[in-house]
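The residues making up each chain are set out below.
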Amino acid sequence: QVQLVESGGDLVQPGGSLRLSCVASGFTFWIYAMAWYRQAPGKERELVARISDGSMTTKYADSVKGRFAISRDNEKNTVYLQMNDLKAEDTAVYYCNAIRTALNDAPPLYSWGQGTQVTVSS
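The rules behind each value
All residue numbers refer to position in the chain's written sequence, counted from 1. Owing to the predicted nature of the model, reporting of local features is limited to residues with pLDDT of at least 70; listing and counting of side-chain atom pairs is limited to 80 or more, with chain, interface and lining totals taken over all residues. For the side-chain quantities, the full set of heavy atoms in the structure was used; hydrogens and water were omitted. The secondary structure listing takes helices from DSSP runs of H or I that are at least 4 residues long and strands from runs of E that are at least 2 residues long, numbered from the N terminus. Under the scheme applied here, a residue whose accessible area is under 20% of the maximum for its type counts as buried, over 50% as exposed, and between as partly exposed, the area being computed with a 1.4 Å probe on protein chains only. Residues count as neighbours in contact if any of their non-hydrogen atoms are within 4.5 Å of one another. Put simply, a salt bridge is a Lys or Arg side-chain nitrogen that is within 4 Å of an Asp or Glu carboxyl oxygen. A pair of strands is considered paired only if DSSP assigns at least 2 bridges between the two. Axis definition: a line fit to C-alpha positions, over the contact stretch in the case of helices; interaxial angles, taken between N-to-C directions, run 0 to 180 degrees.

A. Quick look at the environment of Leu4. Mapped onto the elements of the fold, Leu4 is located in strand β1 (residues 3-7). Using a relative accessible area of 6% as the deciding quantity, one classes Leu4 as buried. Leu4 has contacts with Cys22, Val23, Ala24, Phe27, Met34, Cys96, Asn97, Tyr110, Ser111, Gly113 and Gln114, leaving out every residue within four places of it along the chain.

B. Fine view of the pattern of salt bridges. Evaluated as defined, the whole model comprises five salt bridges. As a salt-bridge pair, Glu46 and Arg38 come within 2.7 Å of each other at their nearest N and O atoms. Taking the shortest distance from any N to any O, the salt bridge between Asp90 and Arg67 comes out at 2.7 Å. Of this pair, Asp90 sits in the loop between β8 (78-83) and β9 (92-99) while Arg67 sits in the loop between β6 (58-60) and β7 (68-73); the two residues are 23 residues apart in sequence, bridging distant segments of the chain. One network of salt bridges, with partners in common, ties together Arg38, Glu46, Arg67 and Asp90.

C. Representation of unusual backbone geometry. In this structure, Asn77 is a non-glycine residue whose phi angle is positive, near 50°. Along the polypeptide, Asn77 turns up in the loop between β7 and β8. Located in the positive-phi region is Asp85, a residue other than glycine, with phi close to 50°. With respect to the helices, strands and loops of the structure, Asp85 is situated in the loop between β8 and β9. Residue classification places Asp85 among the partly exposed positions, given a relative accessible area of 38%.

D. Highlighting the sheet that holds β7. Here four strands make up an open sheet; going across it, the order is β1-β3-β8-β7 and the pairing antiparallel. With partners counted over all chains shown, the strands left at the sheet margins are β1 and β7, one partner each. The mean angle between the axes of side-by-side strands here comes to 15°, regardless of whether they run parallel or antiparallel. Relative to strand β3 (residues 18-25), β1 runs antiparallel, the two being bridged by five bridges. Paired with Gln3 across the two strands is Ser25, which belongs to β3.

E. Region of interest: the pairing of β8. In terms of burial, β8 is largely enclosed, as five of its six residues are buried. Note: β3 against β8, six bridges, orientation antiparallel. Bridge pairing links Ser21 to Tyr80 in β8. The sheet contact formed by β7 and β8 spans six bridges and is antiparallel. Opposite Asp73, over in β8, you have Thr78 as the bridge partner. Linking two consecutive strands that pair antiparallel, namely β7 and β8, is a turn of four residues; a positive phi of about 50° is found at Asn77 within it.

Spelled out as structure tokens, the structure:
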């Protein structure tokens, strides 16, 4: 059974930083690209960042480029999202999922986890 468990969300002031983690199980983590998504209240879920299986390729949404960094540890079946210079518009529930490739906007493969709440507010 596939499980995606996100953590690390918190209330943070504008300009602050957070590091999100997602531990995956139930599939062969190291052969899949991974992605982070977010969903703000009243909005559709959007792709934030993706990373290839071997970490050679990373892609970011324009809204987070230069502020967020995705990484992964295949030995720990974990993908990370380092978020710096956070803005109010980054407030959302953040989710991870596996994707077939990081080279294009491939759809997520598995059911969503519970997500982790990030709130940026003073």
